[in-house]
Amino acid sequence: MSRIVADGISVLRGGRAIIDGVSLAMEGGQFIGLIGPNGAGKSTLMSVLAGLLAPERGTVTIDGAALAAFDRRRLARLRAYLPQNPRAEWPVSVERLVALGLTPQLPIFGALPEEMQARVDAVLAMVDMASRRDQPATTLSGGELARAMLARALVGDPQVLLADEPLAGLDPRHALDGIGRLRGLADGGKLVIASVHELTLAARYATDIAVMRQGRLIAFGPTAQVLTAALLHEVFEVDACVTGAGTPGAVVDFVPSPAQA
Amino acid sequence: MVGKRLWPVLAGVLLLTGVLLSLGIGRVWLNPLVLADSLFQPKPNLAWLILSELRAPRTVLGVLVGASLGLSGAVLQGLLRNPLAEPGLLGVSAGAALGAVLAIYFGLSATFLLATPMMGIAGAIAAALLTLSIGRGGTLTMILAGVAVSGLMAGGVSLALNFAPNLAAVYEITIWLLGTLENSDWDQVLLVAPFILLGWICLAFSARDIDALTLGEAQAESLGVNLARTRLLALAGTALSVGAATAVTGSIGFIGLLAPHIVRPFVGHQPSRVLLPAALFGAILLVFVDVATRAIPTAGQEIRLGVLTSIVGTPFFFWLVVKLRRLSP
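Computed from a prediction, not measured in an experiment: that's the story for all the values here.

K.L.:
Any chance you could explain the overall build of chain B here in plain terms?
P.N.:
The secondary structure content of chain B amounts to 15 helices and zero strands. Relative to the globule expectation of 20 Å for 329 residues, the C-alpha radius of gyration of chain B, 20 Å, shows essentially globular dimensions. Its C-alpha atoms put chain B at 65 × 55 × 35 Å along the principal axes. Looking at chain B as a whole, 48% of its 329 residues qualify as buried. Excluding contacts between residues fewer than 6 apart, the proportion of contacts in chain B whose partners are at least 24 apart in sequence is 77%.

Set out below in structure tokens:
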């Protein structure tokens, strides 16, 4: 079980704070849905937590060790990171694309060892892409590519998964599948942090909700306590109707405010 | 379509054919019997001297240079994820050309034969250092810095032509710039081979990193790739191998661009698997084009290597573009 602690991190760009003094502690078993309006700093926070962006102020530690001092390959085995809208740059096969997730485990030269091939087969089947394994990744649709990329992130069996909008572009069935799988990982003891715009799905599957607005973390806690109509009104500036947050039947619906109606 | 398992055999046969042609074709026909006879004589005969002192170094140099261009092109296309990337992109070739041109301009080459390649190598390394110091920090900044350094070096070459003391110097510089393997000797091979081999090692060590870059820079970094190190390996490898190659042969275009494209479909487009076949096909292309420069009958001068690669390479590239256009959605 991995524990990530961020302490007072700030990221500045052109004198403006994109992340402004964010502190939070997360550990294995949690599936944290990161929500907030566009430009709230969600993606930047994910990059910092993934160790790809060094914050100007504050520190991030994994299991007590500073992220900045971590060995690259050790970190790569420990956590997987999926950026927003990942792209395949060459028409490699889907299978090959997924196998790239094993890069930190591989020697510099040589082919994929057999036990790793079994791992690739397993994650391909998990995301329902086994039949597409030989197709060039550049010819996949957006949703199919998103599924292949999720398989890429999971193939190395990371303790921590950071996924930036992993559900974008997925059809309802695969979106449900995908978020259910993220929750399954958390139930298996992994730490999953994902930014999500589909609030109903977040309300149903996330164990915890972190809310960002203008670079600040304004709420963080168990889904049932945090995800309320009052909070959504404050953060997204629209009226929302929230029922049963944190339960499998939760619904979040936005309604036009009286002034607009 | 060549099968995926068949290409190493095909490449080997082609390379061997090219090497044999390169050893066999030239102004004079070498009788194999006379050559064989020479092995048992205490004093080598003329045919043997032509083979061992002229054609063999020329062929070895052709293989080294062609492989360097193909390998460097493959690494740079993988690193920059740009099908138009080629070894000249980072200013290295232009730097080598400027160094060599300065050696000719100041008459150093007339007093000391290896001055031209030595100055060429120094120019390539200087250009690479300039590109690195200005363009470090990002892939795009490195490309832009490379373009700027290329421009600067090309400006230096133009300046040398502008102020050339006499027409003979202008002619010598221009002819050198067109690229050739004529006049190759073992001294040149021994001078550049260590640089070229060191460059190959640098380039080969970027293999795993450029594979991960198939996922884009953010994911590659998250997978433990140190992009600054990858860029340094690619730039240093190109500076050493292509810089040294250009220093002895002059500028040779298109090989570094074409070779990776030819082999890519046969290895499933995986960047690391493109490297070895691209080097092989770079060598094959260069050796065959060099054979053609000797086989094409001309009144006086041999047709220059760099001229022929451009003339032959361009239609080939058009064909690739048309093929790509058909494949892309």
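That was the structure; now back to the text.
K.L.:
Looking at this structure, I do not really get the overall build of chain A. What am I missing?
P.N.:
Counting secondary structure elements, chain A contains nine helices and twelve strands. Here the C-alpha radius of gyration of chain A, 19 Å, is about what a compact globule of 261 residues would show, namely 18 Å. C-alpha extents for chain A along the principal axes are approximately 60 × 40 × 35 Å. Per-residue burial for chain A yields a buried fraction of 44% across its 261 residues. Within chain A, contacts between residues at least 6 apart in sequence are counted, and of these 66% link residues at least 24 apart.

K.L.:
Is there a simple way to explain the sheet that holds strand β3 (residues 31-35) of chain A in this structure?
P.N.:
The strands making up a sheet are joined through hydrogen bonds of the backbone, oriented either antiparallel or parallel. Residue and element names in this part refer to chain A. The six strands are arranged β6-β7-β8-β3-β9-β10 in an open sheet whose pairing can be described as mixed. Each having just a single partner strand, β6 (79-82) and β10 (216-222) make up the two edges of the open sheet. With strand direction ignored, the average angle separating the axes of adjacent strands in the sheet is 15°. By the bridge criterion, four bridges tie β3 to strand β9 (residues 208-213) in an arrangement that is parallel. The residue bridging Ile-35 from the neighbouring strand is Val-211, located in β9. Sheet contacts for helix α6 (residues 172-187): β3, β7 (160-164) and β8 (191-195); angle to β8, the most-contacted strand, approximately 150°.

K.L.:
Sorry, what's going on with the packing of helix α3 (residues 46-80) of chain B against helix α9 (residues 186-204) of chain B here?
P.N.:
A packed helix pair is summarised by two numbers, namely the angle formed by the two axes and the spacing between the axes. Residue and element names in this part refer to chain B. Between α3 and α9, the least distance of the axes is 10 Å, while the angle of their chain directions is 25°. Relative to α9, the element α3 lies roughly parallel. Like other packed secondary-structure pairs, α3 and α9 cross with a definite hand, here left-handed. Contacts between α3 and α9 pair Pro-57, Val-60, Leu-61, Leu-64, Ser-68, Leu-71, Ser-72 and Val-75 from the former with Trp-186, Gln-188, Val-189, Ala-193, Ile-196, Gly-199, Trp-200 and Leu-203 from the latter.

K.L.:
Help me out: how do you make sense of the interface of chain B and chain A in this one?
P.N.:
Frequently, the measure chosen for interface size is the accessible area removed from exposure when the parts meet. Taken together, the 21 residues of chain B in the interface contact 26 residues of chain A. Counting residues per element, the ones that place at least two in the side of chain B that touches chain A are α10 (207-212) and α11 (217-222) of chain B. In terms of residue class, the side of chain B that touches chain A is made up of eight nonpolar, nine polar and four charged.

K.L.:
How should unusual backbone geometry be read in this particular structure?
P.N.:
What is expected of a backbone is that most residues other than glycine have negative phi and most peptide bonds are trans. All names here are of chain A. Residues other than glycine seldom take positive phi values, yet Asp-128 does so here, at roughly 65°. Looking at the secondary structure, you find Asp-128 in the loop between α4 (114-126) and α5 (142-154). What makes Asp-128 partly exposed here is the crowd of 15 C-beta atoms within 10 Å. Positioned with a positive phi, Glu-165 is a non-glycine residue whose angle comes to about 50°. Structurally, Glu-165 is set in the loop between β7 and α6.

K.L.:
Help me understand the confidence of the model for chain B, please; the structure alone is not making it clear to me.
P.N.:
When pLDDT is low, close inspection of the predicted coordinates is not appropriate. Residue and element names in this part refer to chain B. Confidence in the prediction for chain B averages 88 pLDDT; 98% of positions are at 70 or higher. Mean pLDDT per element in chain B: helix α2 (residues 32-38) is the minimum at 72, and α9 is the maximum at 95. Per the prediction output, this complex has pTM 0.90; the corresponding ipTM is 0.89.

K.L.:
Looking at this structure, how should I read the environment of Leu-102 of chain A?
P.N.:
Within the secondary structure, Leu-102 of chain A is located in the loop between α3 (94-99) and α4. Look at Leu-102 of chain A and you get buried, because 20 C-beta atoms sit within 10 Å.

K.L.:
Looking at this model, I keep getting lost on the environment of Gly-244 of chain A. Mind explaining?
P.N.:
All names here are of chain A. Note on placement: Gly-244 falls in the loop between β11 (239-243) and β12 (251-255). Of the residues examined, Gly-244 has 14 C-beta atoms within 10 Å and is grouped as partly exposed. A C-alpha to C-alpha distance of 27 Å links Gly-244 and Gln-214, two positions 30 residues apart in sequence. Ignoring sequence-local partners within four residues, the contact set of Gly-244 consists of Gly-249, Ala-250 and Val-251.

K.L.:
Please explain the environment of Gly-33 of chain A as it appears in this structure.
P.N.:
All names here are of chain A. For Gly-33, the position within the fold is in strand β3. Considered as a pair, Gly-33 and Asp-187 are 154 residues apart in the sequence and their alpha carbons are 14 Å apart. The contacts of Gly-33, once residues within four sequence positions are left out, are Ala-194, Val-196, Ala-202, Ala-206 and Ile-209.

K.L.:
So what exactly am I meant to see when it comes to the nonpolar core here?
P.N.:
One recurring pattern in soluble globular proteins: nonpolar side chains tend to sit buried together. Counting 172 residues, the largest nonpolar core has Leu-49, Val-98, Ala-148, Ala-151, Val-192 and Ile-193 of chain A together with Ala-128 of chain B as the members making the most contacts within it. Ranked by residue count, the leading element in this core is helix α14 (residues 271-295) of chain B, at 13 residues. Beyond its immediate sequence surroundings of up to four residues, Ile-193 of chain A is in contact with Met-26, Ile-32, Leu-34, Met-46, Leu-49 and Leu-162 of chain A.

K.L.:
Please clarify how the confidence of the model for chain A should be interpreted in this entry.
P.N.:
The share of residues in chain A with pLDDT of 70 or more is 97%, and the mean pLDDT across the chain is 91. Looking at the elements of chain A, mean pLDDT is at its lowest for β12 of chain A, recorded as 88, and at its highest for β8 of chain A, recorded as 97.

K.L.:
Looking at this model, I keep getting lost on helix α4 (residues 92-105) of chain B. Mind explaining?
P.N.:
Owing to its 3.6 residues per turn, the α-helix aligns residues three or four sequence positions apart on the same side. All names here are of chain B. Here α4 spans 20 Å end to end across 14 residues, near enough to the 20 Å set by a 1.5 Å rise per residue. Of all 14 residues making up α4, 14 are buried, and the element is well covered by its neighbours. Trailing α4 by a residue or two, Gly-107 shows a phi angle of about 75°, which is positive.

Parameters at a glance
- Residues numbered from 1 in each chain as written.
- Chains lettered and ligands numbered in written order.
- Predicted model: local features only at pLDDT ≥ 70, side-chain atom pairs only at ≥ 80, totals over all residues.
- Helix = DSSP H or I, 4+ residues; strand = E, 2+ residues; numbered from the N terminus.
- Rg over C-alpha atoms; globule rule 2.2 N^0.38 Å.
- Buried ≥ 20, exposed ≤ 12 C-beta atoms within 10 Å, placed from the backbone.
- Contact = placed C-beta atoms within 7 Å.
- Pairing = 2+ DSSP bridges.
- Axes fitted to C-alpha atoms, helices over the stretch in contact; angles between N-to-C directions.
- Parallel < 35°, antiparallel > 145°, perpendicular 65-115°, else oblique.
- Left-handed = near helix turned anticlockwise from the far one by under 90°.
- Nonpolar A, V, L, I, M, F, W, Y, C, P; charged D, E, K, R; others polar.
- pLDDT = per-residue confidence, 0-100.
- Core = buried A, V, L, I, M, F, W, Y, C linked by C-beta atoms within 7 Å.
- Expected span 1.5 Å × (residues − 1).

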